[in-house]
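Here is how the chains run, residue by residue.
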Amino acid sequence: MQTFADLHRFERIGYVRKVTVAATQMPCGWDVADNIARAEKLVRQAAAEGANIILLQELFERVYFCQYQREAFRAFATPIDENPAVAHFQTIAQELNVVLPISIFERAGQVSFNTVVMIDANGDILGIYRKTHIPDGPGYCEKFYFSPGDTGFKVWQTQFGRIGVGICWDQWFPETARAMALMGAEMLLYPTAIGSEPYNDAIDSSGHWQRTQQGHAAANVMPVIASNRVGREEIEDSHITFYGSSFIADATGAMVKTLDKTETGVICASFDLEALDQLRQEWGLFRDRRPSEYSPLLTKDGVHQSR
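Described in the following lines is the structure provided in the data block. Since the model is a prediction, treat every value here as computed from it, not as a measurement.

Conventions adopted
- Residues numbered from 1 in each chain as written.
- Predicted model: local features only at pLDDT ≥ 70, side-chain atom pairs only at ≥ 80, totals over all residues.
- Heavy atoms only, no water.
- Salt bridge = Lys/Arg side-chain N within 4 Å of Asp/Glu carboxyl O.
- Buried < 20%, exposed > 50% of the residue type's maximum accessible area, 1.4 Å probe, protein only.
- Helix = DSSP H or I, 4+ residues; strand = E, 2+ residues; numbered from the N terminus.
- Pairing = 2+ DSSP bridges.
- Axes fitted to C-alpha atoms, helices over the stretch in contact; angles between N-to-C directions.
- Left-handed = near helix turned anticlockwise from the far one by under 90°.
- Contact = heavy atoms within 4.5 Å.
- Nonpolar A, V, L, I, M, F, W, Y, C, P; charged D, E, K, R; others polar.
- Phe/Tyr/Trp six-rings, centres within 6.5 Å; stacked < 30°, edge-to-face > 60°.
- Lys NZ or Arg CZ within 6 Å of the ring centre and 35° of its normal.

Here we take up the pattern of salt bridges. By the definition in use, this model includes 18 salt bridges. The salt bridge involving Glu71 is made with Arg74; its shortest N-O contact spans 2.9 Å. Judged by relative accessible area, which is 57%, Glu71 ranks as exposed. Taking relative accessible area as the criterion, Arg74 reaches 33% and is therefore assigned partly exposed. Where Arg130 meets Asp150, a salt bridge forms, and the shortest distance between an N and an O atom there is 2.9 Å. In this pair, Arg130 sits in strand E6 (residues 125-130) while Asp150 sits in the loop between E6 and strand E7 (155-158), placing the two residues 20 residues apart along the sequence. Among the residues examined, Arg130 registers a relative accessible area of 12% and is labelled buried. Look at the salt bridges and you will find they share partners, linking Arg17, Arg162, Glu186 and Glu274 into a network.

Written out as structure tokens, the structure is:
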């Protein structure tokens, strides 16, 4: 049964279905317990500001270890039922009545994945999503650690709406956003770890990063929420300065709230999911799709269908 406080934060009045979402950002160190505590503080702050769904950044348990290929770092992977962040935030989600997608380095048998565990507002795990697109380049050596995801894209019916979650590199692919929208998502969330390029500090992709995701919001007529980390992280002679810039975009792609490139903090925005559903129907973008004409999307080169 919903309490008065629940109804205040998630109300149905006529055709209104209001939800408040939050994005967070923070620096991370090597101490897992310290990072979890810092993340909890931000979750509690967001909940105090009325958030129902709170997004933490990618792999927040420790430093972004993918800067280098190191066998020792593979040991960071844990099965979901042994992961300290998952267990901790199940309790927090239930206490605060909030939905929490939790990003972890998952060990599954002989392989490992970059995984989000979706925790509903009662603390239950609704399922997992394993990152589909795995980058590989200087400072972002993820193919060394993560197998390509095998869950397919996922959308969950949470207590506060239907959520689709992609992970970092997934956010550059419009196919990810469209697939989740077709599966019934009402909001798209992207936990992220992105910053400078170790080989050239002058490269700043933050604007490009934001605009790409704003396009997903506009094309699918639904809010996009992205959470990135901040701070300079060094491993041996490599370093990345994560550029934050976490944001919430509305269903037209317009920026609603943003954080800057260095601050630790929380941003919140509220949306009427019923009104957004009506807006999507009015635009007719999904009605007018022509899937039979999109066969090049099933190929690598635009010609030969992938097997």
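Still more to cover.
What follows deals with the sheet that holds strand E9 (residues 187-191). Strands sit in the order E7-E8-E9-E10-E13-E14 across an open sheet of six strands; the sheet is mixed. Edge strands, defined here as strands with exactly one partner in the open sheet, are E7 and strand E14 (255-258). Each strand axis lies, on average, 20 degrees off the axis of its neighbour in the sheet, ignoring direction. Direction of pairing for E9 relative to strand E10 (residues 224-227): parallel, over a ladder of four bridges. The partner of Pro191 across the bridge, within E10, is Ser227.

To continue, consider the packing of helix H4 (residues 174-182) against helix H5 (residues 206-220). The interhelical angle for the contact between H4 and H5, taken along N-to-C directions, is 35 degrees, at an axis separation of 10 Å. Relative to H5, the crossing made by H4 is right-handed. Residues Pro174, Ala177, Arg178 and Ala181 of H4 touch H5, and the partners they reach there are His216, Ala219 and Asn220. Looking at the contact of H4 with H5, its residues break down into four nonpolar, two polar and one charged.

What follows is about the environment of Arg44. Relative to the helices and strands, Arg44 resides in helix H2 (residues 32-48). Of the residues examined, Arg44 reaches a relative accessible area of 31% and is grouped as partly exposed. Here the alpha-carbon distance between Arg44 and Ile92, two residues 48 residues apart in the chain, equals 8.6 Å. With near-sequence residues (within four places) excluded, Arg44 lies in contact with Ile92, Glu95 and Leu96.

For the rest of this paragraph, the subject is the packing of aromatic side chains. Centre-to-centre distance and the angle between the planes together describe a pair of aromatic rings. Under the criterion given, the structure shown has 20 aromatic pairs. On the numbers, 5.5 Å between centres and 85 degrees between planes, the contact of Trp209 with Phe247 is edge-to-face. Note that Trp209 is positioned in helix H5 and Phe247 in strand E13 (residues 247-249), a separation of 38 residues in sequence. For Trp209, a relative accessible area of 0% gives the class buried. Given a relative accessible area of 0%, Phe247 falls into the buried group. Grouped by ring-pair contacts, the aromatic residues Trp30, Phe65, Phe73, Phe76, Phe105, Phe144, Tyr145 and Phe146 constitute a single cluster. Stacked on the ring of Phe76, the Lys or Arg Arg62 has its end atom at 4.1 Å from the ring centre. The ring centre of Phe144 lies 3.9 Å from the NZ or CZ of Arg74, which sits over that ring.

This part takes up the sheet that holds strand E4 (residues 100-108). Pairing within the open sheet is antiparallel, and its three strands lie in the order E4-E5-E6. The open sheet has two edge strands with one neighbour each: E4 and E6. This sheet shows a mean twist of 30 degrees between the axes of neighbouring strands, independent of strand direction. For E4 and strand E5 (residues 111-119), the ladder comprises nine bridges, and the chain directions are antiparallel. Residue Leu100 lies in a different strand from E5, and its bridge partner there is Ile119. Sheet strands in contact with helix H3 (residues 84-96) are E4, E5 and E6, and its direction is about 155 degrees off that of E4.

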